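Residue-level listing of the chains:
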Amino acid sequence: MGAMKKPFSIAGLIKRIFFLDFVKGLSLTLRHTVSRSVTLRYPDEEKWVPYKRFRGRHTLNRDERGKELCVACELCVKACPTNCITVVPVEDKNGRGISDRVASVWTVNLVRCLFCGYCEDACPTTAVRLGRDFELACSDKSCTFFTKEELLVPQRTPEYFKGGVIVKARLGRDKVKGVPVIVPYFEEQKPDWWLRAK
Amino acid sequence: MDTAVLIEVVIIIIKVMIVAGVLFNLPIPLTWIERKVAGHIQSRLGPFRVGPHGILQPVADGIKMLLKEDIVPEKADKFLFKLAPLIALVPMFLIFVAMPFGESVTLPYVDKEITLYISDMNMGILYVLAVSGLSVYGLMLGGWASNSKYALLGGLRSAAQMISYEVALTFAVIGVVMISGSLSLLDIVKSQYGGVFNWNVFYLPVGPVWFVIFVIAGMAEMNRIPFDLPEDEGTLGAGFHTEYSGMRFSFFAMAEYIAMTSIAVLTTVLFLGGWDDPFGTGILPGIFWLMGKVAVLIYFFMWIRFTIPRYRYDQLMNIGWKILIPVSMANILVTGFLKIWVP
């Protein structure tokens, strides 16, 4: 079967002689050349802060007096589909009168974790939450396990921050935990950065 | 030996060294510019991490290429395999022996007049065509010596493509020679002096047609999209340089960039008045006009590359044999009649 022969037309011939289709294509690419780039200059200058619903690295919360909310009930361990959370409960002797049940060890294996958020749902005291830290890469095994002390440190993106925006950032080098991106201050830019792709 | 002759020889050697040095280093900015052009056409930024705006990216690429393992396939024809990149590269340098960059400048302090071309051959354009035709042997030999079916097919395609488009290219050059009445590149430029309307591209009605034919055939000569069938990665792996790696591969890439430059310079000399000032203002020295025109043409080639998809093989042959060659034959007739009847 040969290709379908197009009927001859004067307009088509003129179009081909003056390369009108080429001119159309070239003007399109020229428009894109001068248009704004959609690239997010991620580690160097800009950073995407996720929405509040984002499920990133775990964080352990404290109450307003600074006491750990976790009561070491181990419900998160049971809810976890990948068995990546380890909790060892002990009696807290420092309590006034009654000794509390607290976690002496609360470790999460981030290599196994699939960030499903079941631990969050299971937690009766809203102690464990999935935060918005997503820069989990490092060049050794130091960032695969997060211990209780590290998880109790508040994450860089505060809870109240709405998210879903690009903020100014810069690349910082931290020997212990890989290469995190430091967000010096929050300055909202265009919230729907993907709309630039138009 | 006479001192005057000695000085002439030394001047020629210095000129050759300058031209060769510039050409050797030209692929370094050109790769960066090409990647930037590609990036911005696709609404990206292009290289950005190495140096300010990624300007040191070609250096990083060069280090990578140098440090890569130089693989020669076991069953390859070793001698030809190593020779092919050089055969592709060297003719591209040889083209510039005949290329004029300006008439002459007088050196300050020593009061010595120096011509801005290495050699003004009285049939320079024939030399350029002959030498540029040689570089296709590099591609063919590289494809043959690799002992790989993809490379062989790429080499054969490049041979077929060169034969088809060399004809159209030569026809376009014949048209220019008829218009200008000389085979010397210097005289061709001199015949276009006096502003933009004396340029060959505005020799109506045939000039623009010759220009389009020359640019299309030139793009096919330098093996770039939309005519890069010899290295069509969609169907041939990487075409004739499938088996090449490291520095040998970068020789082919350099040959492509220098070919692009040479086609741009040749187009400027033949059609765009060379170093002629388009408006007759005389503000800038001629060499800057030449460089500006060449830069615009190189940008145009890059722009085309990231706009138009690659032609299919039968389309390539159709364009070459069924459109370009008949059109150039008709155009030669028209040019001849114009030369006879229009003073």
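Residues numbered from 1 in each chain as written. Chains lettered and ligands numbered in written order. Predicted model: local features only at pLDDT ≥ 70, side-chain atom pairs only at ≥ 80, totals over all residues.

**Q** Even after reading the chapter, I still don't get the sheet that holds strand S6 (residues 145-146) of chain A, so can you show me in this structure?
**A** Each strand in a sheet pairs with its neighbour through backbone hydrogen bonds, running either in the same direction (parallel) or in the opposite one (antiparallel). Read across the open sheet, the three strands follow the order S3-S4-S6 (chain A); overall the sheet is antiparallel. In the strand order of this sheet, the two ends are held by strand S3 (85-92) and S6 of chain A, each with one partner. (Pairing = 2+ DSSP bridges. Helix = DSSP H or I, 4+ residues; strand = E, 2+ residues; numbered from the N terminus.)

**Q** Just checking my understanding: could you explain the pairing of strand S2 (residues 112-115) of chain B for this structure?
**A** Regular strands show a simple pattern: their side chains alternate between the two faces of the sheet. All names here are of chain B. In this sheet, S2 lies alongside strand S1 (residues 104-107) in antiparallel orientation, the contact comprising four bridges. Counterpart to leucine 107 in the pairing with S2 is lysine 112. As consecutive antiparallel partners, S1 and S2 are separated by four residues, and within that stretch tyrosine 109 has a phi angle of approximately 70°, a positive value.

**Q** For this particular structure, what's the right way to read the environment of valine 37 of chain B?
**A** Residue and element names in this part refer to chain B. Here valine 37 lies in helix H2 (residues 27-41). Sequence-wise, valine 37 and alanine 145 are 108 residues apart; in three dimensions their C-alpha atoms are separated by 34 Å. Apart from residues lying up to four places away in sequence, valine 37 is in contact with Tyr299, Met302, Trp303 and Phe306. (Contact = placed C-beta atoms within 7 Å.)

**Q** What am I meant to see in helix H12 (residues 313-341) of chain B here?
**A** Counting along an α-helix, one turn takes 3.6 residues, and residues three or four places apart therefore face a common direction. All names here are of chain B. If you check H12, its first and last C-alpha atoms are 41 Å apart, about what 29 residues at 1.5 Å a residue would give, namely 42 Å. Burial in H12 covers these residues: Leu316, Ile319, Gly320, Leu324, Ser328, Asn331 and Thr335. Those residues of H12 that are buried are in contact with helix H6 (149-180) and helix H8 (206-221). (Expected span 1.5 Å × (residues − 1). Buried ≥ 20, exposed ≤ 12 C-beta atoms within 10 Å, placed from the backbone.)

**Q** What is the right way to read the interface of chain A and chain B from this model?
**A** By convention, interface size is frequently given as the accessible area that disappears when the constituent parts associate. Contact with chain A, which involves 11 residues of that partner, is made by 11 residues of chain B. Looking at the side of chain A that touches chain B residue by residue, the classes come out as three nonpolar, seven polar and one charged. (Nonpolar A, V, L, I, M, F, W, Y, C, P; charged D, E, K, R; others polar.)

**Q** Teacher, can you tell me more about the nonpolar core here?
**A** General note: in soluble globular proteins, nonpolar side chains tend to be found buried as a group. Within the largest apolar cluster, 88 residues are counted, with the highest numbers of intra-cluster contacts made by Met99, Ala172, Ile213, Phe214, Ala217 and Ala255 of chain B. In terms of residue count, helix H10 (residues 246-271) of chain B provides more of this core than any other element does, 15 residues in total. Sequence-distant contacts of alanine 255 of chain B, defined by excluding residues within four places in its chain, comprise Ala88, Leu89, Met92, Ser135 and Gly138 of chain B. Counting residues in each nonpolar core, the second largest holds 17 residues, with Cys76, Cys123, Ala127 and Val128 of chain A among its members. (Core = buried A, V, L, I, M, F, W, Y, C linked by C-beta atoms within 7 Å.)

**Q** Mind showing me how you'd approach the confidence of the model for chain B here?
**A** A low pLDDT means the predicted coordinates there should not be read in detail. Residues and elements named next belong to chain B. Here chain B shows a mean pLDDT of 87. Residues at 70 or above account for 99%. Predicted confidence in chain B is weakest over helix H9 (residues 233-236), with a mean pLDDT of 76, and strongest over H2, with 91. Here the prediction assigns the complex a pTM of 0.83, and the interface score ipTM is 0.80. (pLDDT = per-residue confidence, 0-100.)

**Q** So what exactly am I meant to see when it comes to unusual backbone geometry here?
**A** Phi is mostly negative for residues that are not glycine, and the peptide bonds are mostly trans. In this structure, phenylalanine 19 of chain A is a non-glycine residue whose phi angle is positive, near 55°. Here phenylalanine 19 of chain A lies in the loop between helix H1 (10-17) and helix H2 (20-34). Unusually for a residue other than glycine, serine 43 of chain B sits at a positive phi of about 60°. Examined against the element boundaries, serine 43 of chain B turns out to sit in the loop between H2 and helix H3 (57-67). What makes serine 43 of chain B partly exposed here is the crowd of 17 C-beta atoms within 10 Å.

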